[in-house]
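This is what each chain is made of:
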Amino acid sequence: MKWRGGRQSANIDDRTGRSSGSGGKLVAGGGIGTVIIAVLFFLLSGGDIGSLPDVLGGSNQAANYQTENVATDAYTEEKEFSAVVFGHLEDYWQDVFQERQEAYQDPTLVLFTDSVQSACGYATSQVGPFYCPADEHVYLDLSFANELASKYGASGDFAMAYVIAHEVGHHVQNELGITQQLEKIRQQVSDTEYNEYSVRLELQADYLAGTFAKYLAGETYQGQPILEAGDIEEAITAANAIGDDTLQKEYQGYVVPDSFTHGTSAQRVAWFNRGYQYGDLSHGDTFKENNLDLTNQ
Ligand SMILES: [Zn+2]
């Protein structure tokens, strides 16, 4: 995905505690520069490489600077990328709701590390990215991108774009009143029955992520298409990798269909693809497909 230089959303709430980290970056940048110049000077003036640590004032310090510098740059990249994706999602959903002549409130993207307090409760990074309808925030630990790549084999920037689009899909469901309808149903049916609805809610968020991908496929930045070859495949790989059946098989060694809450890998891919194909809201009734009717409850 072409994202560098794109508009970054202003609705980013950075709670990683590293937002003031320009200090870290500047220190590291200066440190590394100084170290390299010192090493070059030392070697050019015929110094023995074995005694380098003395020149640098401690090799450990130099190593730390380097690690910190690399980590900070990767973090900045991830943050900017997420903010650009979030910006595109704002543009897209504002347009869609404007066409429907309905108001749309932009969500906020909260970036956190390890754990976070939301209006829906306390959560750790282990739960993965999530949306909280009570405060209308999407919560994301940027390290999830690494997890997607290393643990789930879903690498590439558009895998992460799909995940963010899925979470914003939950916000759209909230704006459309679907989340509220489901809350009512939750109080009327058993947990097992409700699980079916929950799966359908998740698949619909995948569908909505697909419509966003379709929109983005028609957009350009500085005359270049925003989507690059392989982007859609990256999203599909991610949808496939984080299906409940795949995750359960991996972690438990067996599958318990009743406890599915996100849908199988095949379902997730199918609904994302359907959204990508139609690019509208009217083909995204995941509930009806399973003979679940939200209006009759
Ligand atoms: Zn979801």
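Residues numbered from 1 in each chain as written. Predicted model: local features only at pLDDT ≥ 70, side-chain atom pairs only at ≥ 80, totals over all residues. Heavy atoms only, no water.

Here the focus is the confidence of the model for the chain. Residue-level pLDDT values for the chain average 82, and 76% of them are 70 or greater. Scored below 50 in pLDDT, residues 18-43 shows 26 contacts in the model against residues more than four places distant or in partner chains. Here residues 46-66 is modelled with pLDDT under 50, and outside its nearest four sequence neighbours on either side it reaches 18 contacts, counting other chains as well. (pLDDT = per-residue confidence, 0-100. Contact = heavy atoms within 4.5 Å.)

Turning next to the coordination of the zinc ion. Each donor-metal-donor angle in an ideal tetrahedron of four donors is 109.5 degrees, and each such angle in an ideal octahedron of six donors is either 90 or 180 degrees. The zinc ion binds to the protein through H166 (NE2), H170 (NE2) and E202 (OE); the donor distances cover 1.9 to 2.1 Å. Between consecutive donors of the zinc ion, the numbers of intervening residues give the motif H-x3-H-x31-E. Taken together, the residues span a long stretch of sequence, with H170 in helix α5 (residues 157-176) and E202 in helix α7 (residues 191-217) at a distance of 32 residues. Residue E202 is classed as buried on the basis of its relative accessible area, which comes to 10%. (Donors = N, O, S within 2.8 Å, 3.2 Å for Na, K, Ca; no water. Helix = DSSP H or I, 4+ residues; strand = E, 2+ residues; numbered from the N terminus. Buried < 20%, exposed > 50% of the residue type's maximum accessible area, 1.4 Å probe, protein only.)

Computed from the structure, the largest pocket encloses a volume of approximately 1100 Å³. Mapped onto the lining of the largest pocket, the elements with two or more residues apiece are β4 (121-124), β5 (130-132), α4 (144-150), α5, α6 (178-186), α7 and α9 (244-252). Partitioned by chemical class, the residues of the lining of the largest pocket number 17 nonpolar, 15 polar and eight charged. (1 Å grid on protein atoms, 1.4 Å probe; cavity = no way out; pocket = protein on both sides within 12 Å on 5 of 7 lines; lining within 4 Å. Points joined across faces, edges and corners; volume = space filled by probe spheres on them. Nonpolar A, V, L, I, M, F, W, Y, C, P; charged D, E, K, R; others polar.)

With 27 residues, α7 ought to run about 39 Å at 1.5 Å a step, and its terminal C-alpha atoms sit 39 Å apart, in line with that. Extensive coverage of α7 is indicated by the burial of 21 of its 27 residues. (Expected span 1.5 Å × (residues − 1).)

Another aspect to go through is the side chain of S9. By the secondary structure assignment, S9 is in the segment before β1 (12-14). When its relative accessible area of 6% is taken as the criterion, S9 is described as buried. Here N11 takes part through its backbone nitrogen, which lies 2.9 Å from a polar atom of the side chain of S9. Of note is the side chain of S9, whose polar atom sits 2.7 Å from the side chain of E90. Apart from residues lying up to four places away in sequence, S9 is in contact with A83, F86, G87 and E90. (Polar contact = N/O pair within 3.5 Å; in protein donor to acceptor, adjacent residues only side chain to side chain.)

Quick look at the environment of E175 now. The residue E175 is located in helix α5 in this model. Residue classification places E175 among the partly exposed positions, given a relative accessible area of 24%. Separated by 70 residues in sequence, E175 and Q105 have C-alpha atoms that sit 7.7 Å apart. When residues no more than four places from it in sequence are discounted, the contact partners of E175 are F97, A103, Y104, Q105 and E136. For E175, the side chain forms a polar contact with the main-chain nitrogen of Q105, separated by 2.9 Å.

Here the focus is the sheet that holds β5. In any sheet, the strands associate via hydrogen bonds between backbone groups, in a parallel or an antiparallel arrangement. Spatial ordering of the open sheet is given by β1-β2-β6-β5, a layout of four strands whose pairing is mixed. Bordering the open sheet on either side are β1 and β5, each of which pairs with just one other strand. Across the sheet, the mean angle from the axis of one strand to that of its neighbour is 25°, orientation sign disregarded. Two strands pair when backbone bridges link them, and β5 and strand β6 (residues 137-141) are joined in this way by three bridges, in the antiparallel orientation. (Pairing = 2+ DSSP bridges. Axes fitted to C-alpha atoms, helices over the stretch in contact; angles between N-to-C directions.)

Attention now goes to the packing of aromatic side chains. Taken as a whole and judged by the stated rule, the model has ten aromatic pairs. Arranged with centres 6.0 Å apart and planes meeting at 50°, the rings of Y92 and F212 form a pair that is tilted. Of the two residues, Y92 is situated in helix α3 (residues 59-99) and F212 in helix α7; the sequence distance between them amounts to 120 residues. With 4.8 Å between their ring centres and 10° between their planes, F130 and Y139 make a pair best called stacked. The same class applies to F130 and to Y139, which are both buried. Pairwise contacts between aromatic rings join Y92, W93, F97, Y104, F212 and Y215 into one cluster. (Phe/Tyr/Trp six-rings, centres within 6.5 Å; stacked < 30°, edge-to-face > 60°.)

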